[in-house]
Amino acid sequence: MPMTYTMHTAESATAVFPALVRLYAVVYAEPPYAEGPEQVAAFADGLSAETRRPGFVLVVADDDDALVGAAYGWTMTAGRWWTRADIEPPDDLRYSSKFAVMEWVVHPDRRGTGIGGELIRRLLDGRPEPWATLASNPAALARAIYQRAGWRQVGGSTMPDGTPMHLLVLPLPAAPVRRR
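Predicted, not measured: the structure shown is a model, and the values here were computed from it.

J.: Looking at this structure, how should I read the nonpolar core?
T.: The nonpolar side chains of a soluble globular protein tend to be buried, and buried together. Formed by 29 residues in total, the largest nonpolar core has its most connected members in Leu 20, Phe 43, Leu 47, Leu 58, Ala 70, Tyr 72 and Trp 81. Looking at this core, the elements with two or more residues in it are helix H2 (17-29), helix H3 (37-51), strand E2 (57-63), strand E3 (66-76), strand E4 (98-106) and strand E7 (164-171). Residue contributions to this core peak at seven residues, all from H2. If we skip the residues at most four places from it in the chain, Leu 20 touches Phe 43, Leu 47, Leu 58, Leu 67, Ala 70 and Tyr 72. Residues Val 59, Val 68, Leu 119 and Leu 168 belong to the second largest nonpolar core, which totals 21 residues.

Here it is, written out as structure tokens:
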């Protein structure tokens, strides 16, 4: 069976959560994250709340019915910004709605095959927000990928455990005007 990509809304996403948690555990066990069962359980416990955020969407990549990649996010409304940010973003960013990419993961055995790029393309395609934003660990290999893809750093933050994060943004093309 070929690679399939499926977009899920809040209503359909819960069926994918067990596989998503397993993928999260594999990806975040690696350095620099080194997350264990406690962090994986916290991720699993928070998934239902994520689906209740405005604009929630999840895109998954399956190969032979095995989840090999996923990306999800939700709308960060105008006026909101990342908790614990070290600087305020420019007004045009702060006072615009943004699509916050909360997770963007690919199984380690499948990296470098275009899955991650296709996931983010599908996740962001047609979004009404003028910006996408994400937080990235500067020590992660993915940080360089984001930079090459056009994401730019606009600030930093620190996770509750002390891990530094870069706050990145990407301008999104204007959503097409929908005619009645």
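Next comes the rest of the description.
J.: Got a minute to help me understand H2 in this structure?
T.: Along an α-helix, residues three or four apart share an orientation, since each turn contains 3.6 residues. Along its 13 residues, H2 runs 18 Å from first to last C-alpha, staying within 8% of the 18 Å computed at 1.5 Å per residue. Those residues of H2 not exposed but buried are Phe 17, Leu 20, Val 21, Leu 23, Tyr 24, Val 27 and Tyr 28. Axial view of H2: buried residues confined to an arc of 165°, hence all on one face. For H2, the secondary structure elements touched by its buried residues are helix H1 (10-13), H3, E2, E3 and E4.

J.: How do you make sense of the sheet that holds E3 when you look at a structure like this?
T.: Consider a sheet: its strands pair through backbone hydrogen bonds, and that pairing is either parallel or antiparallel. Sheet architecture is open: seven strands sit in the order E1-E2-E3-E4-E5-E7-E6, paired in mixed fashion. Of all the strands in the sheet, the pair left with one neighbour each is strand E1 (4-8) and strand E6 (152-158). Adjacent strand axes in the sheet meet at a mean angle of 25° when their direction is disregarded. The pairing of strand E5 (residues 131-136) with E7 spans six bridges and is classified as antiparallel. Across the sheet, residue Ala 132 finds its bridge partner in E7, namely Leu 170. Contacts between H3 and the sheet are confined to E3 and E4, with E3 contributing the most and set at about 50° to the helix. Running at roughly 155° to E4, helix H5 (residues 115-124) makes contact with E1, E2, E3, E4, E5 and E7 of the sheet.

J.: Teacher, can you tell me more about the packing of aromatic side chains here?
T.: In this description, an aromatic ring pair is defined by two values, namely the gap between the centres and the angle between the planes. The tally for this structure, following the rule as stated, stands at seven aromatic pairs. Ring plane angle 25° and centroid distance 5.0 Å describe the contact between Trp 104 and Tyr 146, whose orientation is recorded as stacked. Separated by 42 residues along the polypeptide, Trp 104 in strand E4 and Tyr 146 in helix H6 (residues 142-148) bring together distant segments of the chain. Neither residue differs from the other here; Trp 104 and Tyr 146 are each classed as buried. On the numbers, 6.5 Å between centres and 55° between planes, the contact of Tyr 146 with Trp 151 is tilted. For the pair formed by Tyr 146 and Trp 151, the shared burial category is buried. Pairwise contacts between aromatic rings join Tyr 24, Tyr 28, Tyr 33 and Phe 43 into one cluster.

J.: When you look at unusual backbone geometry in this model, what are you seeing that I'm missing?
T.: Where the residue is not glycine, phi is negative for most of them; where a peptide bond is considered, it is trans in most cases. The step from Pro 31 to Pro 32 runs through a cis peptide bond, and the omega angle for that step is 10°. With respect to the helices, strands and loops of the structure, Pro 32 is situated in the loop between H2 and H3. The backbone phi angle of Ala 34 is positive, close to 50°, even though this residue is not glycine. Residue placement: Ala 34 occurs in the loop between H2 and H3. Taking relative accessible area as the criterion, Ala 34 reaches 59% and is therefore assigned exposed.

Parameters and conventions
- Residues numbered from 1 in each chain as written.
- Predicted model: local features only at pLDDT ≥ 70, side-chain atom pairs only at ≥ 80, totals over all residues.
- Heavy atoms only, no water.
- Core = buried A, V, L, I, M, F, W, Y, C linked by side-chain atoms within 4.5 Å.
- Buried < 20%, exposed > 50% of the residue type's maximum accessible area, 1.4 Å probe, protein only.
- Helix = DSSP H or I, 4+ residues; strand = E, 2+ residues; numbered from the N terminus.
- Contact = heavy atoms within 4.5 Å.
- Expected span 1.5 Å × (residues − 1).
- Arc of directions from axis to C-beta.
- Pairing = 2+ DSSP bridges.
- Axes fitted to C-alpha atoms, helices over the stretch in contact; angles between N-to-C directions.
- Phe/Tyr/Trp six-rings, centres within 6.5 Å; stacked < 30°, edge-to-face > 60°.

None of this, on its own, says anything about what the molecule does.
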